[in-house]
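Residues per chain, in single letters:
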Amino acid sequence: MPRHKLIASESDVSIEVDEGKDNEFSLYYVEVEESSKKGKEKQTTRDGRRRRDKNGEVSRRRASERRTTEGGNKRAEKKHERRQKTARKEGEKHGKRQRRKNADEEEAEEESNKEKKNIKNERTKTLKLEDEKEKDVKKKRKKRVKNEEDDGSSGKTKQKDCHAMPMKEKEKKKKRKKPETTSESECKSESESESDSDSESKDNQAVGVLGSLTPEELEKLKEAVEERKKLIATLKGKPWPMKKKLVILRESQEFVEKYEGALGKGKGRKLYAYKVMMMKKWMKFQRDIENFKTACIPWEMKIKEIESHFGSSVASYFIFLRWMYGINMILFGLTFGLVMVPEALMGKPYGSLPRKTVPREEEASAMNFAVLWDFGGYARYSVLFYGYYNNQRAIGWLKFRMPLSYFLVGVGIVAYSYMVVIRTMARNANEEGGGDDTSFNFSWKTFTSWDYLIGNPETADNKFASITTSFKEAIVEEQESRKDDNIHLTRFLRVLANFLVLCCLAGSGYLIYFVVRRSQKFALAGLENYGWWERNEVNMVMSLLGMFCPMLFDVISTLENYHPRIALQWQLGRIFALFLGNLYTFIIALMDAIQLKRVEEDIVKKNMTIWQANLYNGTVPDNSTAPPVTVHPADVPRGPCWETMVGQEFVRLIISDTMTTYITLLIGDFLRAVLVRFLNNCWCWDLEYGFPSYSEFDVSGNVLGLIFNQGMIWMGAFYAPCLPALNLLRLHVSMYLQCWAVMCCNVPQERVFKASGSNNFYMAMLLVILFLSTLPAIYTIVSIPPSFDCGPFSGKNRMFDVIQETLETDFPPWFGKVFSYASNPGLVLPFLLLLVLAIYYLQSTSKTYKRVNMELKKKLQTQNEENKKKNKLAALKAANELEQAKKAGEQRSNSASDLGVNEESSNIDEAGEHRQAGQNGHFIHSSQTQHTQNSEPSVSSNHTTTRPPPSRGHTSSGHLPGVSTC
Amino acid sequence: MSVCLHTCRVLSVSLPNSVVLRAFLTRSELKMVSPAIALAFLPLLLTLIIRYRYYFVLLYRAVLIRWVRDCLTGLSREERAFQYILTHATPGDAQSILDTFDHWCSTVEFISNIGPKKGKILDRLLQEHCPITVLELGTHCGYSTVRIARSLPIGARIYSIEMDERNAQVAEKIIRLAGFDEDMVELIVRPSDEVIPRLREDYGVERLDLVFMDHWKRCYLPDLQLLEGSGLLGEGTIILADNVIFPGAPNFLRHVRRSGLYEVRVHRATLEYIRGIRDGMAELTFLGVK
């Protein structure tokens, strides 16, 4: 998903840039924050209570300052950690601290410093910028205040803790505060003057901050930056509404964008700005490269477009098609590069041998289009087919071992395909988690049923409708699962449907059997006496059945009332059976034809000797000195060459299959769509909604067509090296044609569903087909001797003898010896045994792992449930405590309203409380999200109790007096 | 496909045109398409029959039976329906008449009334909005008129337009049989496109609260446009159009969706008295001219 990637990368950019030098530019960051907050404060504190609040705030600041100024003690460190966890809330607190700092600095400034006015002049420009920024930040702050209110209320219970302590703390405070009381009063007076001249004071503050940068402050600024970064990084997992998240993300990124370049001072700043710029450029470059990479994936955009219109099930077909194209590319490379091209370049040219020449009787029609279309004539006597190749051991100046290469390529194609298919299957299997999906049916439906790849309103409507109907169905199912009287009907219908499908399969099987028998009869009587219909009857019937039977299955499968994903698999299984039946009847017919050809070959062989004898008898007596008579290769009698016949059959099958597919596409989809579209204006019913309507894309049929097509390629590639090339062409064309057809004449399925799990199903079928198609090929290679006068293995007893021959002649003798020892059954059998054992071992270990995984999953689930229970209990407890705390707080606030000092102290308590609230809130999330860390001790054992979200909202209504001003 | 390949092949075998034709003819004379190939089309035939079985049923019930009965009895379909209702329903009881109608349509013959299921949608709409002035386009046998009239408040008025004279006679009888007088139901026997522009002048209609369309599907759009032009539609006027999916009024739906004058809802349902054929009623709420 490139979109995801892009977003991720963007956030990466900002983060990584941040990491550069936080020290330097955190100054700016905090400065702006401070000034903005100041401004905000000024506005909010215009009412009568302003002064007191200020006081309270100042004192609060003091309190927190004291805590922090205890230096490198543990508490501060803890706070650090907490801050990192709950970056958001901490940012708020941090702001407070800074305000406090600010106030201090102001005092210092007011009292003594006037040197910094120079700096002030320098900085005013940037400050204006910051003023602009302020407005944004104000908004931000408002939100934060709300936020904090929530948090504060959630942390309310901890007030108790704080209440236990406060006396001590207050005492401490008093002691420490004594020297600062004067400054406090100054602060008050200043705050009054602030309301008069806002802008001036702002400048002053900012300058003050800038001027008095202590290492301690630097540290804090660093923290602030880190918080920001953390915030950006953890934003995804926060339980906030998306709108808020977006706003915050944009704000922080914008901030970084704006100020990262203007960091540091003088030279360092320039350098840093340069660095940042380069970093950004580099990032952009990387992103561009990523985009370029996706653009380089062939047809990616097309497939994405289709996916957005039709959902992922249709797209999965096209992805499969593309994958298939890749594999065929490799197969084509192998056959083309290692067999066809060497033969064409270095082998003997056309006409040099009888097997490379069109026989005399065919010469007249050899160039006709019809003959070429059937791959007869010149097409047959070319590199495209097995028969053209010569049995010469090495050809050309490279001494290219042609027969060996031919054999190895044939084996390699199959081996490579096995490897790829199995590897892909294993990879897909890894992605599947072995989980039970049935346990939380409705939750799954609620949270996972949307297909996020849909980008088309119509499809989205369909999806929406299908989700609602699926909900309805699920509810009805849930209701009926208790009644279960309808289940019998469903079962009966399912059995009936399967029975009907079986009948249909049997019928089509018989029809093909009948046709094959008839064609054999024709073949015996001589095909030339029959018309085109009779000769192509088998192919025709096969493609027609392959086209129409799936439609019938589809209609029958509506009886079964399965979920579409399961229905798709059933449909696939049924069509698979049908196609397999067709394919195997075809192969059986082919085997019969091979037997016929071999009988013919024997006759030809005998005739050949007679012919040769006649030839020499007739010529030798006349002129003994003359070289043996040269007969034109076209006139030499030759065998039927069954291998070429097999290759030809396969090529024809592929061609007719392709044509059928395309013509169905054009007639069934395009013509229908055109008719529906344009006849709809003058027809008595609505064609688009009603009877013909537009067609849906038939995923199962297309996938199976592809798979069986590939099976035929694997079967026939040994006898017709041109097959992968043809298939490549076909796939290429059908990619474009089908993409176009889908987009222009099909409508999205009424029940759009996700096809996440079906990929491995396709692969499994492909594997089965691969196995089933290599079986006959291997059988013919191993058990039938090659023709005597055509092909690279002519003259040998079996085709694989070429290996032995190579071992004997091309390798040193010791190698042959080693090989013969190695191939000794005494060695081979133990090896096989070992292999079986290893496979068994691996399989059992993988099973164990799976089981362990499942158990772990279950454990996690139970732990999660336990956690939930615990949290519930804790929440109850907390609610009780809260009630008590409320009462206590009310009492206290009543008494506190009389004395301002008291309120200060309560504010202090609350400040402490916030921190704990933040911590606490975080723990709630962690305990919910990280099931692995079961029952964090801090949650249950700590006295700071966990609390559920509802009670948070419960107390948020203005209970805390100090919070609203923060 | 086969024919195409055949001709393609024949063409390629022998180029001169006359020879091609002759070859084609002789071949097709010589051997018909083999039975096996014909059998291979059987699944297609089965598929089509099964998939569109409801349409065949509809064809049989709506066309064939009607034709046969017309020949046998010499009465029109509507008159037969009326006879049946006269003998089976309780006069003055609208519900009984509707039930009898439904029974006759679902078991004896087929008349495309609004039907009980979609009728419920209509009833609900009437209850929700309580229209005072209702315009019905296409009375046919008066089924929907009775249905509307029985749930209207006192003082409400229906203008029902029917083009066909004989149907109108039957409809009037049925309406009277159900116990609704001329104050309640005004039957206008003229084509709808003539009546609509004159509604204001001839019948004193100021504003229509509900328009129910169930006449020729082709007339939905022009009549709607006439209504728009006449100014009888006010804000909140409901227009209910039956059979927008089957037989369907695509142009009507397209116009309605694009014009922006209406809030559109399509109630999905099945065709009346026949299961399995999807149909829908479009409910438009006039938002007022902007």
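Preceding this section is the structure that the text describes.
Residues numbered from 1 in each chain as written. Chains lettered and ligands numbered in written order. Predicted model: local features only at pLDDT ≥ 70, side-chain atom pairs only at ≥ 80, totals over all residues. Heavy atoms only, no water.

Visitor: How do you make sense of helix α7 (residues 94-108) of chain B when you look at a structure like this?
Guide: Helical periodicity: at 3.6 residues per turn, an α-helix aligns residues three or four positions apart in one direction. Residues and elements named next belong to chain B. Taking 1.5 Å per residue as the helical rise, α7 with its 15 residues ought to reach 21 Å, and the 20 Å between its terminal C-alpha atoms agrees with that figure. Looking only at α7, the buried set comprises Ala94, Ser96, Ile97, Leu98, Thr100, Phe101, Asp102, Trp104 and Cys105. Buried residues belonging to α7 abut α5 (53-73), α6 (77-88), α8 (115-129), α9 (143-150) and α10 (165-178). Capping the start of α7 is the job of one residue whose side-chain oxygen sits 3.2 Å from the backbone nitrogen of Gln95: Asp93. (Helix = DSSP H or I, 4+ residues; strand = E, 2+ residues; numbered from the N terminus. Expected span 1.5 Å × (residues − 1). Buried < 20%, exposed > 50% of the residue type's maximum accessible area, 1.4 Å probe, protein only. Contact = heavy atoms within 4.5 Å. Polar contact = N/O pair within 3.5 Å; in protein donor to acceptor, adjacent residues only side chain to side chain.)

Visitor: Would you mind showing me how to read the interface of chain A and chain B here?
Guide: Reports of interface size often rely on the accessible area that becomes lost once the parts have come together. Tallying the contact residues gives 36 residues for chain A and 34 residues for chain B. Carbon and sulfur atoms make up 69% of the surface buried where chain A meets chain B, a total of about 3700 Å² over both sides. When the area that chain A buries against chain B is broken down by residue, the three leading residues are Trp532(A), Trp533(A) and Tyr689(A), summing to 21%. Note that Asp554(A) and Arg51(B) form a salt bridge whose closest N and O atoms lie 3.7 Å from each other. For the pair chain A and chain B, the number of links is 1 residue pair in polar contact (both at pLDDT 80 or more). When residues of the side of chain A that touches chain B are traced back to their parent elements, those giving at least two are α16 (369-373), α21 (486-525), α22 (532-535), α23 (537-557) and α25 (642-679) of chain A. (Buried area = accessible area lost by both parts, 1.4 Å probe. Salt bridge = Lys/Arg side-chain N within 4 Å of Asp/Glu carboxyl O.)

Visitor: Explanation requested: the pairing of strand β2 (residues 157-162) of chain B in the structure shown.
Guide: Within a regular strand, the side chains alternate between the two sheet faces. All names here are of chain B. Where burial is concerned, most of β2 is hidden: 5 out of the 6 residues are buried. Pairing geometry for strand β1 (residues 133-137) and β2, over 5 bridges, is parallel. From the neighbouring strand, Val134 faces β2, where its bridge partner is Ile158. Taking the sense of rotation as the criterion, the β-α-β connection linking β1, α9 and β2 turns out right-handed. With 5 bridges joining them, β2 and strand β3 (residues 185-189) adopt parallel strand pairing. When the bridges of β3 are listed, Ser160 appears paired with Leu187. Handedness of the β-α-β unit built from β2, α10 and β3 comes out right-handed. (Pairing = 2+ DSSP bridges. Right-handed = clockwise from strand over helix to strand, strands pointing away.)

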